[in-house]
Amino acid sequence: MKPVTELIHHSYKAPTDFAAPQIAIHKASTVIFPNVQAMRERTWLDKKGYTYGLHGTPTTFTLEERICYLEGAQHAVLVPSGLAAIALVNMALLKHGDEILLPDNVYGPHKTFAEGELKQWGITYQLYDPRDLADLSSRITPQTRLIWLEAAGSVTLEFPDVVEMVRLARSKGVLTALDNTWGAGLAFAPFDLEPSKSTIPLGVDISVHALTKFPSGGGDVLMGSVTTCDDHLAKQLKLSHMRMGLGVGANDAELVLRSLPSMELRYKQQDTTARALAAWCLQQSAFAQVLHPAVVSSPGHPHWRRLCAGDQPSQGPVHSEGLAAALLGLRLDPAISQAQLDTFCDALRLFKLGFSWGGPMSLVVPYHLRDLRLMSKEALLQGGFVRLSVGLEAAEDLIDDVAQALAQAEI
Ligand SMILES: *Cc1c(COP(=O)(O)O)cnc(C)c1O
């Protein structure tokens, strides 16, 4: 054989008993079959073998199984972003004439997707007030196919009564899907919301997760997952996933696999720092409201406490038990001008201006709540608003940073 051929077909095979802590990165579009029979018999619908890179490699199968374990699910698919996970659920389950219900504080681009593509395909949506079970109940009609939940809600972090909302949806025969990015599979178990109470678990039907956030933990990967315990839903999701070609890159999957073992430690550390910062912010007159589910005065705090902190009573203004993602909404005193708010954000040195969260670096984003919320009480809309995402820096340094930025903005 000529060198050019030999360099493709060289017969050396490395020993197969290699073992190391980290999972190998298997890269493939093409997968080689040993014979025709195997090629005809293998199906991408199960994980007994490999068919094509898009449908799974040892690297992506391993990540899927670990995400299943994390969320307490039976089936998982990986997609290129958290937003793609949301889109996949909607596209797999909905048809012309169906309606979905979205919380008013749903992840912003999800509303945009509903207003754009879903509407275009004859699928309608209604917003519901995430703080009001009766409001959700009143919006369910025979067309309601799916109720989306988010706990806590994006930006304003109200914590809904997830348990009763799921119970309500079950009683009406409506599917539930949870955007579980905030809880990350750590703060509560989406498929078993009342672990000690029921023999048949009360849980959501589907959980989506932006692995971009805590599972990646580096601010350097975009990925999403969709998980379920239901075999039939899993098949629908896998079929749509396959038909739309929503695979993920092996290098990205490997980065998430590498970060997963440290996720709980990071989540807890960032949580502790965020609560220390929340306690400090509560004492500053600049902030009219500090939104964080563990802050006793934050909307939905009792629901968070029941689901994520064993319903232990709160001592002091910030609850010390349970788990919460390291996000903080700060509503500024209405006397503070927009220019001062902008100066405050620009003056922060450790908190960088940028979207996303869950990485090592703390971030800040100013929001215009009036553009984001249709159902919020007036009070929430008074004054400027910033969201802080707390990273892995020391709490004292972050508090000092906020203090110096307030001073620079003459707040
Ligand atoms: C970031 C985020 C998403 C989207 O994730 P991407 O990977 O950035 O597309 C979805 N839902 C929530 C709650 C998020 O915070």
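See the structure shown above.
The paragraphs below set out a description of the structure included in this document.

Rules and cut-offs
Residues numbered from 1 in each chain as written. Predicted model: local features only at pLDDT ≥ 70, side-chain atom pairs only at ≥ 80, totals over all residues. Heavy atoms only, no water. Helix = DSSP H or I, 4+ residues; strand = E, 2+ residues; numbered from the N terminus. Polar contact = N/O pair within 3.5 Å; in protein donor to acceptor, adjacent residues only side chain to side chain. Contact = heavy atoms within 4.5 Å. Near = heavy atom within 4 Å. Areas by Shrake-Rupley, 256 points an atom, 1.4 Å probe, with all protein chains shown as cover. Salt bridge = Lys/Arg side-chain N within 4 Å of Asp/Glu carboxyl O. Buried < 20%, exposed > 50% of the residue type's maximum accessible area, 1.4 Å probe, protein only. Pairing = 2+ DSSP bridges. Right-handed = clockwise from strand over helix to strand, strands pointing away. Expected span 1.5 Å × (residues − 1). Axes fitted to C-alpha atoms, helices over the stretch in contact; angles between N-to-C directions. Left-handed = near helix turned anticlockwise from the far one by under 90°.

Among the secondary structure elements, Ser-81 is positioned in the loop between strand S1 (75-79) and helix H4 (82-93). In this structure the side chain of Ser-81 is engaged in a polar contact, spanning 2.9 Å, whose partner is the backbone nitrogen of Ala-84. With residues near it in sequence (within four places) discarded, Ser-81 still touches Leu-222, Met-223 and Gly-224.

Turning our attention to the site of the ligand. Taken together, the neighbourhood of the ligand is formed by 14 residues, with Gly-82, Leu-83, Asp-179, Thr-212 and Lys-213 sitting nearest. In this structure, Leu-83 approaches the ligand through a main-chain N or O atom, which is 2.9 Å from an oxygen atom. For the ligand, the accessible surface in isolation is 380 Å², of which the surrounding protein chains cover 90%. It is H4 that contributes the most residues to the shell around the ligand, three residues altogether.

If you walk through the whole model with that rule in mind, you get 14 salt bridges. One salt bridge connects Lys-119 with Glu-115, and the closest N-O pair in it is separated by 2.7 Å. Taken as a pair, Lys-119 and Glu-115 lie in helix H5 (residues 108-120) at a separation of four residues, close to a single helical turn. We classify Glu-115 as partly exposed; its relative accessible area is 38%. Between Arg-275 and Asp-271 there is a salt bridge; the shortest N-O distance is 2.8 Å. In this pair, Arg-275 and Asp-271 are both assigned in helix H10 (residues 263-282), four residues apart and thus about one turn of the helix distant.

A word on the pairing of strand S2 (residues 99-103). Of all five residues in S2, five are buried; the element is thus mostly enclosed. As paired elements, S2 and strand S3 (residues 124-128) share five bridges and run parallel to each other. Within the sheet, the bridge partner assigned to Leu-101 lies in S3 and is Gln-126. Following the backbone out of S2, through H5 and into the adjacent parallel S3, one traces a crossover that is right-handed. Relative to strand S4 (residues 144-150), S2 runs parallel, the two sharing three bridges. The residue of S4 that forms the bridge with Leu-101 is Ile-147.

Now for the environment of Leu-406. Within the fold, Leu-406 resides in helix H15 (residues 395-408). By relative accessible area, Leu-406 is classed as buried at 6%. Placed 61 residues apart in sequence, Leu-406 and Cys-345 show a C-alpha to C-alpha distance of 9.0 Å. The contacts of Leu-406, once residues within four sequence positions are left out, are Trp-280, Ala-286, Phe-287, Phe-344 and Ile-411.

Our next topic: H10. The α-helix advances 3.6 residues per turn, and as a result positions three or four apart in sequence lie on the same side. Spanning 20 residues, H10 covers 28 Å between terminal C-alpha atoms, matching the ideal 28 Å at 1.5 Å per step. Listing the buried residues of H10 in full gives Met-263, Arg-266, Tyr-267, Gln-270, Asp-271, Thr-273, Ala-274, Arg-275, Leu-277, Ala-278, Trp-280 and Cys-281.

Another aspect to go through is the environment of Val-79. You can see Val-79 is positioned in strand S1. The exposure class of Val-79 is buried, given its relative accessible area of 0%. In this structure the C-alpha to C-alpha distance between Val-79 and Leu-222, which are 143 residues apart in sequence, comes to 9.0 Å.

This part takes up the packing of H10 against H15. At a closest axis distance of 9 Å, the pairing of H10 and H15 adopts a crossing angle of 35 degrees. In the crossing of H10 with H15, the sense of the turn from one axis to the other is right-handed. Residues Thr-273, Ala-276, Leu-277 and Trp-280 of H10 form the contact with H15, whose participating residues are Ala-395, Leu-398, Ile-399, Val-402, Ala-403 and Leu-406.

We now examine the sheet that holds strand S10 (residues 352-353). Ordered by their spatial adjacency, five strands build an open sheet running S8-S9-S12-S11-S10, and the pairing between neighbours is mixed. Of all strands in the sheet, those bounded by a partner on one side alone are strand S8 (287-291) and S10. With five bridges connecting them, strand S11 (residues 363-367) and strand S12 (residues 385-389) associate as antiparallel partners. If you follow Leu-363 over to S12, its bridge partner there is Ser-389.

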